[in-house]
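Geometric and topological summary
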Amino acid sequence: MTRLPSLTTRVAIMLSLASIMALGSASIFMDRRVDSEMQQRFDEAMLAQGRALASLVKVERGGLAMGTNDVSFSPTRLLSGEGPSYYLVRCGAGDQTHSSPAPPLVPAGWAKQANDLPAFGNLRLGNEHRLRSLSFAFQAPLGESWGRGHAQRLTALRAEHRATDPRQCQLLLMQDRRQLDQILESLDWILLLTPTFVMLLVLVMAPVLVRRGLAPLTDFAERMRGIGPASPGQRLATPAVAELEPLAERFNEVLARMDEGLARERQFAGGLAHETRTRLAELRALLEVEQRYPSGRPLADILGEVAVISAEMEATVTALLLLTRLESGIEQPQWQAVALPLRLTEQWRRVEPRLQQRHLVVDMHTEPVSLHTDPALLDIVLRNLVGNACDYAPTGSTVQVRLANDTLSVGNPAPDLEPADIEQMGQRFWRKRHASGGHAGLGLALAHAAAAALGLHLNFALDDNGQFRAELRWPPEAVSEAPTEKPSDQG
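Residues numbered from 1 in each chain as written. Predicted model: local features only at pLDDT ≥ 70, side-chain atom pairs only at ≥ 80, totals over all residues. Heavy atoms only, no water.

Examining a nonpolar patch on the surface
- A contiguous nonpolar surface patch, about 560 Å² in accessible area, is contributed by Phe197, Val198, Leu201, Val204, Met205 and Leu209.
- Its place among the elements puts valine 198 in helix α4 (residues 178-213).
- Judged by relative accessible area, which is 32%, valine 198 ranks as partly exposed. (Patch = residues over 30% accessible without salt bridge, like charges linked within 9 Å, V, L, I, M, F, W, Y side chains within 5 Å. Areas by Shrake-Rupley, 256 points an atom, 1.4 Å probe, with all protein chains shown as cover. Salt bridge = Lys/Arg side-chain N within 4 Å of Asp/Glu carboxyl O. Helix = DSSP H or I, 4+ residues; strand = E, 2+ residues; numbered from the N terminus. Buried < 20%, exposed > 50% of the residue type's maximum accessible area, 1.4 Å probe, protein only.)

Focus: helix α12 (residues 443-453)
- All buried positions along α12 are accounted for by Leu444, Ala445, Leu446, Ala447, Ala449, Ala450 and Ala451.
- Positive backbone phi, at 80°, marks glycine 455, one or two positions downstream of α12.

Focus on the nonpolar core
- Counting residues in hydrophobic clusters, the biggest one holds 42 residues, and the most contacted among them are Trp348, Leu408, Phe460, Phe468, Leu472 and Trp474.
- When residues of this core are traced back to their parent elements, those giving at least two are α8 (340-350), α10 (375-392), β11 (398-403), β12 (407-413), α12, β13 (457-462) and β14 (467-473).
- Sort the elements by how many residues they give to this core and α10 lands first, with nine residues.
- Counting 23 residues, the second largest nonpolar core, distinct from the first, contains Leu47, Ala54, Tyr87 and Leu134. (Core = buried A, V, L, I, M, F, W, Y, C linked by side-chain atoms within 4.5 Å.)

Here we look at the packing of aromatic side chains
- Under the defined criterion, the tally for this structure stands at two aromatic pairs.
- Measuring from centroid to centroid gives 6.0 Å for phenylalanine 460 and phenylalanine 468, while their planes differ by 15°, and the two rings are stacked.
- Note that arginine 51 overlies the ring of phenylalanine 136, its terminal NZ or CZ placed 5.5 Å from the centroid. (Phe/Tyr/Trp six-rings, centres within 6.5 Å; stacked < 30°, edge-to-face > 60°. Lys NZ or Arg CZ within 6 Å of the ring centre and 35° of its normal.)

As for the pattern of salt bridges
- A full pass over the atoms with the stated rule returns 15 salt bridges.
- A salt bridge links aspartate 181 to arginine 130; its shortest N-O distance comes to 3.1 Å. You can see aspartate 181 sitting in helix α4 and its partner arginine 130 sitting in strand β6 (residues 129-139), a full 51 residues away along the chain.
- The shortest N-O distance in the salt bridge between arginine 284 and glutamate 288 comes to 2.8 Å. With arginine 284 and glutamate 288 both in helix α6 (residues 245-292) and four residues apart, the pair spans about one turn of that helix.
- Look at glutamate 288 and you get partly exposed, because its relative accessible area is 31%.
- Through salt bridges with shared partners, a single ionic network connects Arg33, Glu37 and Arg41.

Shown next as structure tokens:
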């Protein structure tokens, strides 16, 4: 037997996957933001150092000079960082100066590409040594060797050297970025290990937390375990968890329907047992009385009573079999056009002796209606409605029959019925009282099942005057143009 995954496992897995995705995405986002911010801070510091270095450059007659009066000052002191820093300044066609030591790697064509906008890049020395480069162009002033302090002469000299423009310079600054890479690598490990630890913690704690969170569901299942057919009437109490309240309501509704079904089944079993036991008891009593105390009656009379009791038992069994076939859908209708007034008249002609015996008057008004239906099943409906009115109407009363274009109504006085009895009409073996003729309480149940098989609607009602009415309705599409059969004259 395959074991199904538990709800706790499924929720824990989904929670773990969601946590892993959330923490992983957050870690990647944080790592990229931290790398970007650190790189930006590094570049800003490097640019500040490059501009400070460029401000010291002066163009002299003998080349470039770093303008300062402090002999102990070195331009490399402007360059911070634990790793080595290098610079290269080039002015005009060939004047240049550089740091000591000189830059280990100079990109080709960097001076031609330099402009007023700072350009950053990465250079690699070997497998692990990386340098961050900065290049930009700037204007360097003329130094004292050009006669600074004599305005007229300086202007002439500037005009003289305008062709080569010695003031246009380019700066290449390089700094070792191993320290930055180490910091970024440490941050990468922190951003990797911390979410990993958190995710492992979630994987361990998720099943426990989910199991505790689903504890009300487990308690709910335990309370359901003790409810069943052996304990009717029990209901689940309203749970303290909002999500379980609709489930408890639906389950209580199912329990209510189950109790109703069990009650009907018990009533059906009791009625069937009662009917069978009554008929068998009649047969046994009849035979035992004749054996012990012979009445002297003709054998034909005794066998006639036995035949009547046997016929009633057979009718009960036949009705039950037909009812079962109708409710299970085994009995398939054979559709054809049927003249409803003729069928109804034939059913009343069958019960005419009983009408005369009980002095019943039939007030019948019909319209010419033809239905596309099954004549045999329709006869079951009509026969039981007519028979019910004949058997349960008070002696000497009037039975009203109205046949319209969409409704057949059969009504009779019912002084013994109450409004609560209408809900039980059509149930198996239900009878308000025993009627003559050996009825087992299956007539209206058969009529209701046959009407449902034909797509008709059979309803029962009791008005304020104590008039019981059975109404049979059909949809407009069930009305046929003309009948294709005629009612039989045989009873």
